[in-house]
Amino acid sequence: MNPTSKITAFSEKAEKEIREILTRYPDKRSALLPVLNLAQAEFGHISEDVMVIVANRLDLTPPKVYEVLTFYTLLNEKPVGKYLIQLCRTLSCALAGSENILGHFQQKLGIGIGKTTADGLFTLRTVECLASCGTAPAVQINGAFYENLTREKVDRILDDLKRGAEPVPKAMGEN
Amino acid sequence: MKYELVLHKNLKTPGYTGSLTDYERLGGYQAIRKVFKEFTPAQLTDLVKRSNLRGRGGAGFPTGMKWDFLPKDPAITRYLCCNADESEPGTFKDRELIERDPHQMIEGMILAAYAIGAKVGYIYIRGEFVYGARVLERALAEAYHAGYLGKNIFGGRTGIDLYLHIGAGAYICGEETALLESIEGKRGLPRTKPPFPATHGLYGKPTVINNVETLSNLPHIVNRGAEWFASIGSPPKSPGTRIFSVSGHVNRPGNYEVPMGITLRALIDEHAGGVRGNKKIKAIIPGGASAAFLTEGSLDVKLDFEAIAQVGSMLGSGGVTVMDEDTCMVWAALNLMEFFAHETCGKCSPCREGSSWLVQIMRRIEHGHGKMEDLDQLVRICGGIAGKTICAFGDAEVAPILSTLKHWRSEYEYHIKGKKCMVGNRGVKLVAIGGH
Amino acid sequence: MSDTVQVKTDTVKLTIDGREVAVPRGTLVIEAARKLDIDIPFFCYHQKLQSDGNCRMCLVSIEKMPKLQVSCSVPASEGMVVHTGTPVVTDARKGVLDFLLANHPLDCPICDEGGRCPLQDYSQKYTGYGQFQEEKRVYEKEYFSPLIEKEMNRCIQCMRCVRYCDEVIDSQALSSVNRGFQTEIGHYADKPLDCEFCGGCVQICPVGALLNRLPLYEYRPWMLTRTETTCAYCADGCSLRLESRPQTREVIEVTSFWGNETKSVWGQGRNEGDLCAKGYFGYQFVNSPNRLTKPLIRKEGRRDSPLVEASWEEAIERVAEGFGRIKTGHGGSAFGALASARCTNESLYAFQKFVRLVLGSPNIDSSVRYGMVNAARAMTELTGLPRWLPSYEEITQADLIFVIGTDITQTNPIAGLKVKAAAKRGAKLIVATPLRRRVSTLSNIVNRATRHLAHRPGAERAVAIGLVRAVMEQGSLAKEVASHPSVLRLRDTVLAITPKQIESAAGVAYDQIESAAGEWVEAPRAVMIFGESILRSLDGYETIRILGDLALLTGKLIAEGSGSAPLFEENNELGAYEMGVVPDGLPCLGRTNNESDRDRLSQAWKEPIPSGPGLTMIEMLRAVRGGKIKALYLMGENPVGSLPASAGAAEALDAAEFVVCQDLFLTESGRKADVVLPAASFAEQNGTFTNQEGHVQAVRKAIEPIHGTRPDWEILSQIALEMGYPLEYQDGAEISHEIGRLWSACRPAGPGWRDLPKRSEQTGAEDRYLDEGLAEGISERYRLDPAAKSAAAGNGRFHLVIGPVLFHSGKMSLQAAGLMKLMGEPFLYIAPEDAERLGAAEGDRVRLRSDRGQVEIAVKIDAKYPPGMVFFPESFNEPPVKDLLTIEMSPASQVPVFKTAEVMIERIS
Ligand SMILES: Cc1cc2nc3c(=O)[nH]c(=O)nc-3n(C[C@H](O)[C@H](O)[C@H](O)COP(=O)(O)O)c2cc1C
Ligand code: SF4
Ligand code: FES
């Protein structure tokens, strides 16, 4: 997407989905979170333009969109890398050595926490408990969990992604 | 100890995929048929009341009683919400129930909706459960297709629509009123109670919020009777099985469905394979990060609501985290305090300001910049939070610090005086505060 | 918590700190405690807002409840036992303060809130200083808006600002950004705040986190003198407080009243403490450097010589001499006099008395002529009074509100708040307007409508006729009127109009009109509100009559809880009308053509009054040009600036022999005058304004008149004295007394000047209207204008409408620096579809052409305006969009109508 071009509307496909979403709730505002999730899927992140089209679509003011957007950690106001690496830092993963895994990610990618690689491929974040404590340490990359991480496994995952593999969401312990 | 699996029965059956066909083959969706033939909503509520089922989401509130709080006037619209936001550190049982046996939960929701007279139910699933959401979406489509859901079910007696509402990353949305706000398209801020959801819930209407595991129990209670359920586990107050998510320093971390009332020791040794490297246990969190730490002295406590409460902790979400002798308790408490400070919604002053204050002090202590007065200060701050906040988050966030201070105060003092960690492999790096 | 205060018939008794108190069911514990004068500290609670219970400051212990409870959220219940002062409670308060102070900077010495800050007060009372010794949270300082300063480090996250903006104003412009410890107040993205600028967030913020930038760092609150007075902008009639520095004669800022924070002996005002941008940020015209501070006279006495400063003595002498000369030479009828309805009742009263007795002229008019007289006349015929029967409270409590012919949240924002409050309560809201639904941070009443009759611009009358027809056809007439012969006649007339004809004239589907009529009939308490689009239209008088007919036919004209409410623009239009500053009216609602009214007045004044009716504004200007009127006296009125060029006001002033202009500023008219007299503003005198509902409200002197200026009534006295006529007053109060006495003398039967009409007193009027009024002119009134102005955009043709906007009011607001920061220049508002068709982007310049000329202006794209319609804020004379308009006279009321024009628009490339 050309970063300078202004986004003024949802795609027809997204628009169709929004119409369907709206049928689920007795009021329009309830569709905000689903529509923001959808908007993020469509535009990558929720820029100012996107806030405005979401607001207009749901008869809200942009501030009411913004306050919801900034509350939830999975919604991005700023662009992120093609692969968003969200490594769990909470206790069970920490007990299983997530600090070492974090160090390994940082070293391999050459970036700090919260940063994106220069090629725009990876953004590294630490997150709170991913409900993968029994398969710790765990990371979520674009919706797919990777669990029971070891340094070798991290290497494999990164290599695959660099080769263009799509992260596939799977059941607990299967990735 | 021999016992029968209930909630895990299907998913532990080899080859079970969680599809509608598989679920039906193993007896699924019989409960709603039975209910349709034999029960009025009031009778179903009564059945659940008699079963003594208690909520599996954290608070352990009796489910039937919760349903009974709703106003009786059938003309008032009411809602059902399934709490599938599972975000309590150390807990991953709902995720497995969702991913592997979605119809069990859906059937439970249909039963609950029928009992409370809800025509619409929402499944609030945490945004990270991308796979789980797909599974549920497929399962819902199957259930609609099979006529278990829709505007015209129970032979035209009612209509029940279930929708998936996907969160976007906020632990607090597991708190039931924050969950409602989130569905309403607002920030997930807990509401001041009263009024309670039973009278003023979603869109101001009477609402029941139940946890995934709680709901998953319902088909079994219907199929096998309240008496059966009330007799298993640790009757009379903690009947039934419980899925414990065991993690940390054990050989076989994972979800284990066991009858309530087995001991922590049995859970850890017999099911989770004991502690890794044959080390000694130092600390156990028995019910998710919100529950107070217990020492190995509590290993023989029964895992039921009352017994755990008696030793000063709670069964909470069933997330059991085991820490071995090499774990630094200051470090562990700080880890969880950072979790809470990150997840506080910020609505009420004690929690918003207190959580980060606690983190700052804990970081100083962990990094060797602590002062002895800090320990009293920690207790004082925790006292200012507990019991004074809008929701139970406030009580939860002080549990790690208060309980570790209670049991391992010397470890804190060692950190302060020695400017280093007491346990071997974790030498304190004297880094600048905030260097995490 | 107006929302939960439903029917509170029963009371509950509870005990607080050992004392029993009975309160209505639903009362919150914190409010019950207040009844006992027990002060429970709080931050986030506010009686205008829903309880949020977030600050936790108001914790109390309630017996039988396990934990401490927030008294701002728990309703009192029977037998409840509350303790507010136990050690546990005091400890909890200390704890909460400790948390709030943890990250609060101790910059009180330079905080504008210092001295009126509950955080300071409670800290002093409960703790001393905080225990926090870690690093404080520091928010990045950012620019928030031109008028509102944000100092987030001081924020205690009570969310009162956001809640007020959402719940009360419905602007939804503030957001609570981020989560947890990082929560802050913002707009969206990095955008500076764009909203209604009501200032409510600043006022409701308990600490110094949101501040008025205009007086920032200028004062310590306790050094200011507070004067409770009435706003001088619109007829909503808000009470406000001028915070001033009397020593330097400066108004520093404005605040208002919110019961739980300020105990005002005067109450919270009709506005219940709420204000709009004009009230809160618009006060600086008082201390504007452009204020006239010296009289001006023509150097050599001749019009072509320059205006130069003069002493008051010299100027008064000039005026007396000029007026005297003309009176002797040509008699009283050679004078024309125009006043502004912004002046106080006292000055207006003195003015008309001066004109009628000293000058001896019947030719007096005022800015009510721009439209208000249409409503005054029609309402008087219908109900016997120009005052409203419904009150703001009845609007808020109504079951249905029908809004037509007004963009109410722009023109009368506080009346708009009442409508919004009703809608929030669940009242039905029918809005008839060509404006479209469009949610933005400027509220738009259409967004809250439960039914929107999107009629064609200018087709209000057709809608009204349609409603009357539907009511007739549905047969849902009130029993008392159903078989009255006039009603039957009306029935025949309207049923002869076909639904098709109505549809094509109104541009609204007839079934929509039918449904609206059905809802109107069914609602037990129904209020109709209409405004300037009707008042200032050619058939305004007729339309208001038709709307009145609708109310009458359905039994809602004078019924308790229902009625008609015409919105007025300027603060004292009703006052000006009631003071008789119209050629056909006399003070105290007398009519010039009514013999007994005239007699009673001359008896009271002990002098004959000139025979009338006199000339109206436009007639006067024409008479000056024709040589019949030789002298003009303008008090605050500026015909040259207010009327389109084609009205010929400039030529008239040029042609007049002698023109005196008395004003705050040197206006377009003033520049043409022979003598210009600097007047004092509302902040500098005592008196009264009468708001549109009919409340006569106090105007109080906050500062002495700016050096060199004098109140209008005082100037009038001095001219009279100089002319040898003893029209002498010591102060405004003396005139108020005279008005009160005169009112009782002239209207011995009805309510007094300061009394509000009672419905029971109006029944006679209704009967009279049924017998005499209704049938009169039915066929004229119920004629559909076949040439209803079409707004079809085609070939670059547009329907141009000018009108008032939220941030301005007349010309006065152009002198308020704060408001100029909000809207310093005008734009042409245009629908996005039209902008696209013209190829114009936001801010692009377009050329507007009518057969009267052309102007260039930049556009602002706003989807609220329907395609084919463009809107221009009328306060601005530059560019001279007004001069594109034709001016037509309403035959019924001589109102000069200049609101619309057909224009061609093209983009300037
Ligand atoms: C901070 C907080 C987080 C919570 N998170 C969850 C959660 O993730 N899942 C859950 O089922 N209940 C959670 N709860 C408990 C719910 O508020 C609620 O008690 C529960 O969903 C009720 O269902 P149950 O009666 O079936 O247990 C949480 C409570 C608090 C205070
Ligand atoms: S800015 Fe003021 S009113 Fe708004 S949340 Fe902060 S302290 Fe409260
Ligand atoms: S005033 Fe009650 S919690 Fe803030």
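Summary of the structure given here.

Rules behind the numbers
Residues numbered from 1 in each chain as written. Chains lettered and ligands numbered in written order. Predicted model: local features only at pLDDT ≥ 70, side-chain atom pairs only at ≥ 80, totals over all residues. Heavy atoms only, no water. Helix = DSSP H or I, 4+ residues; strand = E, 2+ residues; numbered from the N terminus. Rg over C-alpha atoms; globule rule 2.2 N^0.38 Å. Buried < 20%, exposed > 50% of the residue type's maximum accessible area, 1.4 Å probe, protein only. Contact = heavy atoms within 4.5 Å. Areas by Shrake-Rupley, 256 points an atom, 1.4 Å probe, with all protein chains shown as cover. Lys, Arg positive; Asp, Glu negative; His and termini not counted. Charge placed at Lys NZ, Arg CZ, Asp CG, Glu CD. Near = heavy atom within 4 Å. Polar contact = N/O pair within 3.5 Å; in protein donor to acceptor, adjacent residues only side chain to side chain. Buried area = accessible area lost by both parts, 1.4 Å probe. Salt bridge = Lys/Arg side-chain N within 4 Å of Asp/Glu carboxyl O. Pairing = 2+ DSSP bridges. Axes fitted to C-alpha atoms, helices over the stretch in contact; angles between N-to-C directions. Phe/Tyr/Trp six-rings, centres within 6.5 Å; stacked < 30°, edge-to-face > 60°. Nonpolar A, V, L, I, M, F, W, Y, C, P; charged D, E, K, R; others polar. Expected span 1.5 Å × (residues − 1). Core = buried A, V, L, I, M, F, W, Y, C linked by side-chain atoms within 4.5 Å.

1. A short note on the overall build of chain C
1) Next: Helices and strands together make up the secondary structure of chain C, namely 30 helices and 36 strands.
2) Next: By the compact-globule yardstick of 29 Å for 909 residues, chain C fits well, its C-alpha radius of gyration being 29 Å.
3) Next: Structurally, chain C occupies a C-alpha span of about 85 × 70 × 65 Å along its principal axes.
4) Next: Sorting the 909 residues of chain C into buried and exposed places 64% on the buried side.
5) Next: Contacts in chain C between residues far apart in sequence, at least 24 positions, make up 73% of those at least 6 positions apart.
6) Next: Carbon and sulfur atoms form 49% of the exposed surface of chain C, whose accessible area is close to 31,900 Å².

2. Some details on the overall build of chain A
1) Next: On a plain count of helices and strands, chain A comes out with seven helices and four strands.
2) Next: With respect to the three principal axes, the spread of C-alpha positions in chain A is 50 × 35 × 25 Å.
3) Next: Relative to its 175 residues, chain A shows a buried fraction of 59%.
4) Next: Taken as a whole, chain A presents about 7,100 Å² of accessible surface, with 50% of it coming from carbon and sulfur.
5) Next: Taken as two groups, the 21 positive and 21 negative side-chain charges of chain A have centres that lie 1 Å from each other.

3. A few points about the site of ligand 1
Residues and elements named next belong to chain B.
1) Next: Around ligand 1 there are 20 residues in total, and Gly57, Lys66, Asn83, Asn211 and Thr214 lie nearest to it.
2) Next: At a separation of 3.4 Å, an oxygen atom of ligand 1 approaches a polar backbone atom of Glu86.
3) Next: Backbone polar atom of Gly174 to a nitrogen atom of ligand 1: 3.3 Å apart, as the coordinates give it.
4) Next: Against a free-state accessible area of 610 Å², the protein chains account for coverage of 91% of ligand 1.

4. Details of the interface of chain B and chain A
Put simply, an interface is often sized by how much accessible area is lost when its parts join up.
1) Next: Residue-level contacts link 62 residues of chain B with 41 residues of chain A.
2) Next: Here chain B and chain A share an interface that buries about 4,000 Å² over both sides, 59% of which is from carbon and sulfur atoms.
3) Next: The largest contributions to the chain B side of the interface with chain A come from Arg95, Ala168 and Arg187 of chain B, which together make up 17% of the buried area.
4) Next: Our count for the contact surface shared by chain B and chain A stands at two salt bridges.
5) Next: Counting residues per element, the side of chain B that touches chain A draws most heavily on helix α13 (residues 329-343) of chain B, which supplies eight residues.

5. Some points on the environment of Lys37 of chain B
1) Next: Locating Lys37 of chain B in the fold gives a position in helix α2 (residues 30-38).
2) Next: When its relative accessible area of 68% is taken as the criterion, Lys37 of chain B is described as exposed.

6. Focus: the sheet that holds strand β2 (residues 122-127) of chain A
All names here are of chain A.
1) Next: Read from one edge to the other, the open sheet built from four strands follows the order β2-β1-β3-β4, with strand pairing classed as mixed. Because the sheet does not close on itself, it has two edges, and the strands there are β2 and β4 (144-146). Across the sheet, the mean angle separating the axes of adjacent strands is 25° when strand polarity is ignored.
2) Next: Where strand β1 (residues 83-88) lies against β2, six bridges are found, and the strand directions are parallel. Bridging across to β2, Leu84 finds its partner in Thr123.
3) Next: Running over the sheet, helix α6 (residues 98-109) touches β1, β2 and β3 (139-141) and is turned about 155° from β1.

7. Considering the packing of aromatic side chains
1) Next: Throughout the structure, instances matching the rule amount to 40 aromatic pairs over all chains.
2) Next: Taking 5.1 Å as the distance between ring centres and 75° as the angle between the ring planes, the aromatic pair formed by Phe339 of chain B and Phe340 of chain B counts as edge-to-face. The same class applies to Phe339 of chain B and to Phe340 of chain B, which are both buried.
3) Next: Relative to Phe132 of chain C, the ring of Trp357 of chain B has its centre 5.0 Å away and its plane inclined at 70°; by these criteria the two rings are edge-to-face.

8. A look at the interface of chain B and chain C
1) Next: Listed per partner, the contact involves 33 residues of chain B and 32 residues of chain C.
2) Next: Taking both sides of the interface into account, the surface hidden between chain B and chain C amounts to around 2,600 Å²; carbon and sulfur atoms contribute 49%.
3) Next: Applying the counting criterion to the chain B and chain C interface returns five salt bridges.
4) Next: A salt bridge links Arg137 of chain C to Glu353 of chain B, with the nearest nitrogen and oxygen atoms 3.2 Å apart.
5) Next: Summed over the shared surface of chain B and chain C, the number is 20 residue pairs in polar contact (both at pLDDT 80 or more).
6) Next: Counting residues per element, the side of chain B that touches chain C draws most heavily on helix α14 (residues 349-366) of chain B, at ten residues.
7) Next: Class assignment of the residues belonging to the side of chain B that touches chain C gives a composition of ten nonpolar, 13 polar and ten charged.

9. Points about the pattern of salt bridges
1) Next: Under the counting rule described, the total for this entry stands at 100 salt bridges over all chains.
2) Next: In this structure, Arg24 of chain A engages Glu20 of chain A in a salt bridge whose closest nitrogen and oxygen atoms are separated by 2.8 Å.
3) Next: Taking the shortest distance from any N to any O, the salt bridge between Glu176 of chain B and Lys66 of chain B comes out at 3.9 Å. One end of the pair, Glu176 of chain B, is in helix α8 (residues 176-183); the other, Lys66 of chain B, is in helix α4 (residues 63-68), with 110 residues separating them in the sequence.
4) Next: Beyond isolated ion pairs, a larger network of salt bridges with shared partners links Arg56, Lys93, Asp94, Glu213 and Arg242 of chain B.

10. Details of helix α9 (residues 212-224) of chain B
All names here are of chain B.
1) Next: Of all 13 residues in α9, eleven are buried, a share of seventy percent or more.
2) Next: Buried residues of α9: Val212, Glu213, Thr214, Leu215, Ser216, Asn217, Leu218, Pro219, His220, Ile221 and Val222, and no others.
3) Next: Once α9 finishes, Gly225 follows within two positions and takes phi at roughly 100°, a positive value.

11. Here's the deal with the sheet that holds strand β25 (residues 658-663) of chain C
All names here are of chain C.
1) Next: Here we have seven strands laid out as an open sheet, ordered β14-β13-β26-β25-β24-β15-β16, and mixed in their pairing. Only two strands of the sheet have a single neighbouring strand rather than two, namely β14 (307-309) and β16 (364-366). Neighbour-to-neighbour, the strand axes of this sheet turn through a mean angle of 20°, independent of strand direction.
2) Next: One ladder, built from four bridges, connects β25 with strand β26 (residues 675-678); its direction is parallel. Its bridge partner lying in β26, Val660 is registered against Val675.
3) Next: Across the sheet, helix α25 (residues 712-722) touches β24 (631-635), β25 and β26, and the angle it forms with β24 is around 150°.

12. As for helix α15 (residues 373-385) of chain B
Owing to its 3.6 residues per turn, the α-helix brings residues three or four apart onto one side.
1) Next: An ideal rise of 1.5 Å per residue puts 18 Å on 13 residues; α15 of chain B measures up with 19 Å between its terminal C-alpha atoms.
2) Next: Those residues of α15 of chain B that sit buried are Asp374, Leu375, Gln377, Leu378, Ile381, Cys382, Gly384 and Ile385 of chain B.
3) Next: Lining the buried residues of α15 of chain B we find α14 and α16 (393-418) of chain B together with α2 (87-102) of chain C.
4) Next: Following α15 of chain B by one or two positions, Gly387 of chain B has its phi on the positive side, about 75°.

13. Thoughts on the nonpolar core
1) Next: Core analysis: the largest hydrophobic core is formed by 310 residues, its most contacted members being Phe354 and Leu848 of chain C.
2) Next: Not counting the four nearest positions on each side in its chain, Phe354 of chain C is found in contact with Phe323, Leu359, Tyr633, Leu716, Ile719, Ala720, Met723 and Leu727 of chain C.
3) Next: Ile7 and Tyr66 of chain A together with Ala333 and Leu405 of chain B belong to the second largest nonpolar core, which has 102 residues in total.

14. Brief notes about the pairing of strand β10 (residues 281-285) of chain B
Residues and elements named next belong to chain B.
1) Next: Most of β10 is tucked away: five of the five residues are buried.
2) Next: With four bridges joining them, β10 and strand β12 (residues 319-324) adopt antiparallel strand pairing. Residue pairing across strands places Ile281 opposite Asp324, the latter belonging to β12.
3) Next: Pairing between β10 and strand β11 (residues 294-295): two bridges, direction antiparallel. Bridging across to β11, Ile284 finds its partner in Leu294.

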